[in-house]
Amino acid sequence: MNNNVIIGTAGHIDHGKTTLIKALSGIETDTTQEEKERGMSINLGFAYFDLPSGKRCGVVDVPGHEKFIKNMLAGVSGINLVLLLVDSREGIMPQTKEHIDILTLLGIENYIIVMTKIDLVEEEYRELVKEDIREFTKGSALENAPIIEVDSISRKGIDVLLDTIDKKTNDIEAKNIEKNARLNVDRSFQVKGFGTVVTGTLTEGSISVGDELVIYPKEAKAKVRNIQVHSQDVDKAYAGQRTAINLSNIKFDDVKRGDTLATAGSLVKTYMLDSEIKLINDDRANLELWDRVRIYVGTVEVMARVVPLGTESIKPGESGFVQLRLEEEIAVKNYDKFIIRTYSPMVTIGGGVILDASPRKHSRFNEEILEKLKVQLEGNSGDLIQNYLLSHSNYIVSKKDIIKDLQLSEGEAATELDELVTSGNIFETNLGYIHKKKYDEVLEKLKKLLADYHKRYKLKVGIPKVEIISKFKLSQKEVLELIELFIKNNEVRLEGNLVAEKDFVVNYDKKQLAEKARIEKELLNGGFTPPTIKELTNGVKASLELLDSLVDNTIIRLDADLVLHRDVLTKAIEKVNEHFKNAEKMTLAEFRDITGSSRKYSMAILEYIDKLGITRRVENYRVLVKNK
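Predicted model, so just to flag it, every value in this text is computed and none were measured.

K.L.:
What exactly am I supposed to notice about the sheet that holds strand β34 (residues 621-624) here?
P.N.:
Hydrogen bonds between backbone atoms are what pair the strands of a sheet, whose relative direction is either parallel or antiparallel. Pairing is antiparallel across the open sheet formed by three strands, whose spatial order is β32-β34-β33. Of all the strands in the sheet, just β32 (586-587) and β33 (615-618) have a single pairing partner and so form its edges. Judged from the four bridges that link them, β33 and β34 form a sheet pairing that is antiparallel. For Val618, the partnering residue across the bridge sits in β34 and is Tyr621. Along the sheet, helix α19 (residues 599-611) makes contact with β32, β33 and β34, crossing β33 at roughly 115°.

Structure follows, in structure tokens:
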């Protein structure tokens, strides 16, 4: 059961929406002098009333006049039950039809049809109107909607309507209050002594006094000073509630209808949308390349150019993929729904759903893009995650980004990711997740790189990690993380800091083995002051190549002419750690004394230990790096 219900009234001009709301709530929603003089609602009127069960409903009176359909579209955002009003004297009228088209295209499923002004019409005529309504709504979401007859002046049928609303709201699914806060602004104004106030339906999440939010698309920061729900001050508002929010740190000019108040980082600012659209079955509903249209999403209206994808045009009654090139920047998320109207004259021709809120420009007949959009539209959560990982610019994507961009709950994401890892479709790393296709792509390139390297350098155990990083157009973190994953999965192996084919072995002949043993023995015997490269090899090419093959394995290169045995470096690190047990810093002279090394070698060894991140130089001494 949903305790936060927003009810919208829709229908043709003068079919009695405002009068009905007053009968239900005692609140008149024609609030401006212009509205009262004209006898019609121009802007969005808001009211509330209590149901017999005690639930409180917020009501949005959306305008019915053709000229004010734009305002009606703003009001639809957040509505989950619609009272469609039909004057018993007139029946279905043009704006009634357009309202039904809009509500259906936006995916609203819960309706009650209200026949108004029944005291002015004979029962026999009302039955004819009722039959006409049933015929008109056949095959639509309103086909099985209850029809309630009322007269707002005499209050006849009002109690029956209230009972019907009460029962109907029991079936409405509650809004998700666990998501990031989001309120589409439909009014903004100033209150003397308080500052800027915005109103709208809180469609997702919750907002508390003191919260710091962002006004999109400007990304102006604002703090919540006060909250009102149904004209009462509250500390917290929840998804599904009509809400007025007093903002501090925001100028009146910084926010307007069409903006969105939301959690920072929760929306995507964009000039393009990849979408699936559905056109109504009307001769005027036809879209071709570069047609100019009006897009209504949330409470914003924006002009756009249409680029059909996979087809030359979309005809009346058809569905298809399009890229919308917007003339202004808006802030949205995937799966937001929108309405399309022609540029001029303004006629509702269809609606759609955003499948990619930040696409790139791409070919109209790109099969890979079309397949991706199809998965976005029809796929389950597992399909969406795989599609997302494949199309993401990064090879490894964090769980946090997956949840945010695909709008999944943490529980749903965790379940789907575990299943995909178990099935082998994706791999998990410390940084996040990678799709198997991308994993295989990187692995294939790395194996070729290693094979070529081993063929060229037969005496070298493998390639230094830093050299591998330079061969890939990935971030350093991604490359290092994938190397660790490949090692874990026994695809390659690590020798010291060298990456090698898992079965590669350096084959030394007898002469080379003897030379290898000599070099390693002399370095061990030399301790912290070993012979230089020149002294070890006498400039002999074969000896230089053999020594080079041992670097990053049993030998550590300190600089161009100084090397150290790996075991000696380990002892040096142990002595450094031992020193810092009783001291906060270490000088070059102190290190030289505890190792018995020369100044030249002491300096080179300490600089290498700095590079390892164990120590850090400060002025003329070293300090131990924390957590090392």
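That covers the picture; the talk isn't over yet.
K.L.:
Just to check I follow, could you spell out the pairing of strand β5 (residues 111-116) for this structure?
P.N.:
It is a general feature of regular strands that their side chains alternate between the two faces of the sheet. The buried count for β5 comes to six of six residues, which makes it a mostly enclosed element. Note that strand β4 (residues 81-87) and β5 share six bridges and pair parallel. Residue pairing for β5: Leu85 is matched across the bridge by Val114. In this fold, β4 hands off to helix α4 (residues 94-105), which returns the chain to β5; that crossover is right-handed. Note that β5 and strand β6 (residues 147-149) share three bridges and pair parallel. Bridge pairing in β6 places Val114 opposite Ile148. Taken together, β5, helix α5 (residues 123-137) and β6 constitute a β-α-β crossover, and its handedness is right-handed.

K.L.:
Please clarify how helix α9 (residues 399-406) should be interpreted in this entry.
P.N.:
Since there are 3.6 residues in each turn of an α-helix, residues three or four apart along the chain are aligned in direction. For α9, the complete set of buried residues consists of Ile402, Ile403 and Leu406. Down the axis of α9, the buried side of the element spans an arc of 95°, and every buried residue falls inside it. At its buried positions, α9 is contacted by α8 (381-391), α10 (410-423) and β26 (433-435). In the stretch just after α9, Gln407 is the one whose phi turns positive, near 55°.

K.L.:
Would you mind going over the pattern of salt bridges with me for this structure?
P.N.:
As a working rule, side chains carrying opposite charge can pair if their charged atoms are close by. As enumerated under the stated definition, the model contains 34 salt bridges in all. For Asp50, the salt bridge is made with Arg56, and the minimal N-O distance between the two is 2.8 Å. Overall, Asp50 belongs to the partly exposed group, its relative accessible area being 43%. Here Asp259 and Lys256 are joined by a salt bridge, their closest N and O atoms 3.4 Å apart. Residue Asp259 is classed as buried on the basis of its relative accessible area, which comes to 4%. In this structure, a network of salt bridges that share partners links the residues Arg126, Glu127, Lys130 and Glu149.

K.L.:
Any chance you could explain helix α14 (residues 510-526) here in plain terms?
P.N.:
Compared with an ideal rise of 1.5 Å per residue, which puts 17 residues at 24 Å, α14 spans 24 Å between its outermost C-alpha atoms and is within 8% of the ideal. Every buried residue of α14 is accounted for by Glu515, Ile519, Glu520 and Leu523. All buried residues of α14 fall inside an arc of 125° around its axis, so they share one side. Opposite the buried face of α14, by more than 90 degrees, sit the exposed residues Lys510, Lys521 and Asn525.

K.L.:
So what exactly am I meant to see when it comes to a nonpolar patch on the surface here?
P.N.:
Together, Phe189, Val191, Phe194 and Phe252 give the surface a local cluster of nonpolar side chains, amounting to about 330 Å² of exposed area. Within the element layout of this structure, Phe252 appears in the loop between β15 (242-248) and β16 (260-262).

K.L.:
Where do I start with the domain arrangement of the protein chain in this structure?
P.N.:
One frequently used descriptor of interface size is the decrease in accessible area upon assembly of the parts. Segmenting the protein chain into domains produces domain 1 (5-171), domain 2 (182-263), domain 3 (268-370), domain 4 (371-420), domain 5 (437-501) and domain 6 (510-624). With centres defined by C-alpha atoms, the gap from domain 5 to domain 6 works out at 26 Å. Across the interface of domain 5 and domain 6, roughly 630 Å² is buried in total on both sides, 53% from carbon and sulfur atoms. When the area that domain 5 buries against domain 6 is broken down by residue, the three leading residues are Leu459, Lys460 and Leu498, summing to 65%. Across the contact surface, domain 5 and domain 6 share one salt bridge. In this structure, the salt-bridge partner of Asp548 is Lys460, at a minimum N-O distance of 3.0 Å. Viewed at the interface, domain 6 and domain 5 are joined by two residue pairs in polar contact (both at pLDDT 80 or more).

Conventions and cut-offs
- Residues numbered from 1 in each chain as written.
- Predicted model: local features only at pLDDT ≥ 70, side-chain atom pairs only at ≥ 80, totals over all residues.
- Heavy atoms only, no water.
- Pairing = 2+ DSSP bridges.
- Helix = DSSP H or I, 4+ residues; strand = E, 2+ residues; numbered from the N terminus.
- Contact = heavy atoms within 4.5 Å.
- Axes fitted to C-alpha atoms, helices over the stretch in contact; angles between N-to-C directions.
- Buried < 20%, exposed > 50% of the residue type's maximum accessible area, 1.4 Å probe, protein only.
- Right-handed = clockwise from strand over helix to strand, strands pointing away.
- Arc of directions from axis to C-beta.
- Salt bridge = Lys/Arg side-chain N within 4 Å of Asp/Glu carboxyl O.
- Expected span 1.5 Å × (residues − 1).
- Patch = residues over 30% accessible without salt bridge, like charges linked within 9 Å, V, L, I, M, F, W, Y side chains within 5 Å.
- Areas by Shrake-Rupley, 256 points an atom, 1.4 Å probe, with all protein chains shown as cover.
- Domains from an automatic or database assignment.
- Buried area = accessible area lost by both parts, 1.4 Å probe.
- Polar contact = N/O pair within 3.5 Å; in protein donor to acceptor, adjacent residues only side chain to side chain.

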